[in-house]
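Per-entry structural report
The lines below spell out each chain.
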Amino acid sequence: MTERTLTLAFESSCDETSVAVIENGTKILSNIVATQIDSHQRFGGVVPEVASRHHIEQITKCTNEALEQAEVDYNDLDAVAVTYGPGLVGSLLIGVTAAKTIAWAHNLPLVPVNHMAGHIYAARYVGEFKYPQMALLVSGGHTELVYMPSEHEYQIIGETRDDAAGEAYDKIGRVLGVNYPAGKTIDEWAAKGKDTFNFPRAMEKEDNYDFSFSGLKSAFINTVHNADQRGEKLDKYDLAASFQQSVIDVLAEKTMRALDDYPVKQLILAGGVAANHGLRARLDRDMKEFHPDVPMLQAPLKLCGDNAAMIGAAGYVNYKHGDRAGLDLNAVPGLMFDRIQNK
């Protein structure tokens, strides 16, 4: 009989307060998420001080609700896992402080978790992981290709050199009058339009796995502003489709090239932008054409955004591998996986 390990997990790296109870890293007993989107929309993005204050208000409520929904109490728990980076330092500190307090009060091991590892392990709820594997992480703050030769081992082979993909979506959304976060609306508009503007595909053909979306963002904004100055009205659906096609072309091209050079048993798609229907469809198509023997696991749509269930899944792996933190654990806003040289 498999031993039952229950993890209480905390996620507070940005603008979601989330607490979850996870069994053996693969079963969600509860996953409470308190979002702050309404509070940040009027500012067009996340305001760190506002986010921190909301976390303080919500963290205890979320913890109580997570335990109640899972029908467990502190005596049933085996570990406490928490995101300690990367993210907004003030927001991270709320989750870290709550996790340390509970770990100390109930004599439980404290397990530190990298937020990006959490995104990867959101896909663990879809199926079993096989190694070596490649993960395409696409979110508001990060765009990375991560090679995992084995469980608990993460190596960045490519990353954005400027804006993350999700960040670019939000910035062009602002120009189109779309409320933050803009990704879902742009994705929906793109499905109704055509790629008529042929925006640049930055670094698509360069001999590396890195990304750049700043030039695309600038080209988009200049196109819209120039049209405005001429009194010309551009089709918002075609603008969205053209922007999204540029993003997807680069992400897909670089991912396929990485899979050509790194033989793997799985591709993982995760992160907030992994909820993008256009990106999912393109990778499905490309994998069938270019790497039919490599299965792809896509994080569930409901777990693409920030949540504690993914931290519980990654935390369970860390727990098994003996990762422990003391009560001196601090937030590390710039936490990163190791970068390796390209093949």
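Residues numbered from 1 in each chain as written. Predicted model: local features only at pLDDT ≥ 70, side-chain atom pairs only at ≥ 80, totals over all residues. Heavy atoms only, no water.

**Details of the packing of helix H5 (residues 165-175) against helix H7 (residues 214-230)**
- For the pair H5 and H7, interaxial distance at closest approach is 10 Å and the crossing angle is 5°. Taken together, the axes of H5 and H7 lie roughly parallel to each other. Residues Lys171, Ile172 and Val175 of H5 pack against Lys217, Phe220, Ile221 and Val224 of H7.
- Residues belonging to the contact of H5 with H7 are distributed by class as follows: five nonpolar, no polar and two charged. (Axes fitted to C-alpha atoms, helices over the stretch in contact; angles between N-to-C directions. Helix = DSSP H or I, 4+ residues; strand = E, 2+ residues; numbered from the N terminus. Parallel < 35°, antiparallel > 145°, perpendicular 65-115°, else oblique. Contact = heavy atoms within 4.5 Å. Nonpolar A, V, L, I, M, F, W, Y, C, P; charged D, E, K, R; others polar.)

**Focus on the environment of alanine 241**
- Mapping alanine 241 onto the fold places it in helix H8 (residues 236-261).
- For the pair alanine 241 and valine 80, spaced 161 residues apart in sequence, the C-alpha separation works out to 43 Å.
- Setting aside chain neighbours within four positions, we find alanine 241 in contact with Ala190, Gly193, Lys194 and Asp195.

**A look at the pairing of strand S1 (residues 6-11)**
- In terms of residue burial, S1 counts as a mostly covered element, since six of its six residues are buried.
- Residues Leu6, Leu8 and Phe10 of S1 are buried on one face, and the alternating residues Thr7, Ala9 and Glu11, pointing to the opposite face, are buried as well.
- Here six bridges tie S1 to strand S2 (residues 16-23), and the two strands are oriented antiparallel to one another. Residue leucine 6 lies in a different strand from S2, and its bridge partner there is glutamate 23.
- Here S1 folds back onto S2 in antiparallel fashion, the turn holding four residues.
- In the sheet, S1 pairs with strand S4 (residues 79-85) via four bridges, with the strands oriented parallel. From the neighbouring strand, phenylalanine 10 faces S4, where its bridge partner is valine 82. (Buried < 20%, exposed > 50% of the residue type's maximum accessible area, 1.4 Å probe, protein only. Pairing = 2+ DSSP bridges.)

**Details of helix H3 (residues 89-105)**
- The terminal C-alpha atoms of H3, which comprises 17 residues, lie 24 Å apart, in line with the 24 Å expected from a rise of 1.5 Å per residue.
- Every buried residue belonging to H3 is among Ser91, Leu92, Ile94, Gly95, Val96, Ala98, Ala99, Lys100, Ile102 and Ala103, and all of these are buried.
- Once H3 ends, the next one or two residues include asparagine 107, with phi positive near 55°. (Expected span 1.5 Å × (residues − 1).)

**A word on the environment of isoleucine 186**
- Examined against the element boundaries, isoleucine 186 turns out to sit in helix H6 (residues 183-190).
- C-alpha of isoleucine 186 to C-alpha of glutamate 289: the two residues are 103 residues apart in sequence and 27 Å apart in space.
- Excluding residues within four positions of it along the chain, isoleucine 186 makes contact with Tyr169, Ile172, Gly173, Leu176, Val178, Ala240, Phe243 and Gln244.

**Thoughts on the UniProt feature "binding site: substrate" (unreviewed entry) in the protein**
- When the UniProt feature table is mapped to this numbering, "binding site: substrate" (unreviewed entry) covers Leu137, Val138, Ser139, Gly140, Gly141, Asp170, Gly183, Asp187 and Asn276.
- Along the chain, leucine 137 turns up in strand S6 (residues 133-138).
- For leucine 137, a relative accessible area of 1% translates into the label buried.
- Among all residues touching leucine 137, those that are not within four sequence positions of it are Met116, His119, Ile120, His142, Thr143, Glu144, Val146, Ala270 and Phe337.
- Checked against the element boundaries, asparagine 276 lands in the loop between strand S9 (266-270) and helix H9 (277-290).
- Not counting the four nearest positions on each side in its chain, asparagine 276 is found in contact with Tyr169, Asp187, Gln244 and Ile248. (UniProt positions renumbered as here; feature names shortened; annotations may be inferred.)

**Some remarks on the sheet that holds strand S3 (residues 27-35)**
- On the basis of which strands lie adjacent, the open sheet formed by five strands has the order S3-S2-S1-S4-S5 and mixed pairing. Looking along the sheet, the strands with just one partner apiece sit at the ends: S3 and strand S5 (110-114). If you compare each strand with its neighbour and ignore which way they point, the axes differ by 20° on average.
- Where S4 lies against S5, five bridges are found, and the strand directions are parallel. The partner of valine 82 across the bridge, within S5, is proline 112.
- With respect to the sheet, helix H2 (residues 48-70) is in contact with S1, S2 and S3, its orientation differing from that of S2 by roughly 25°.

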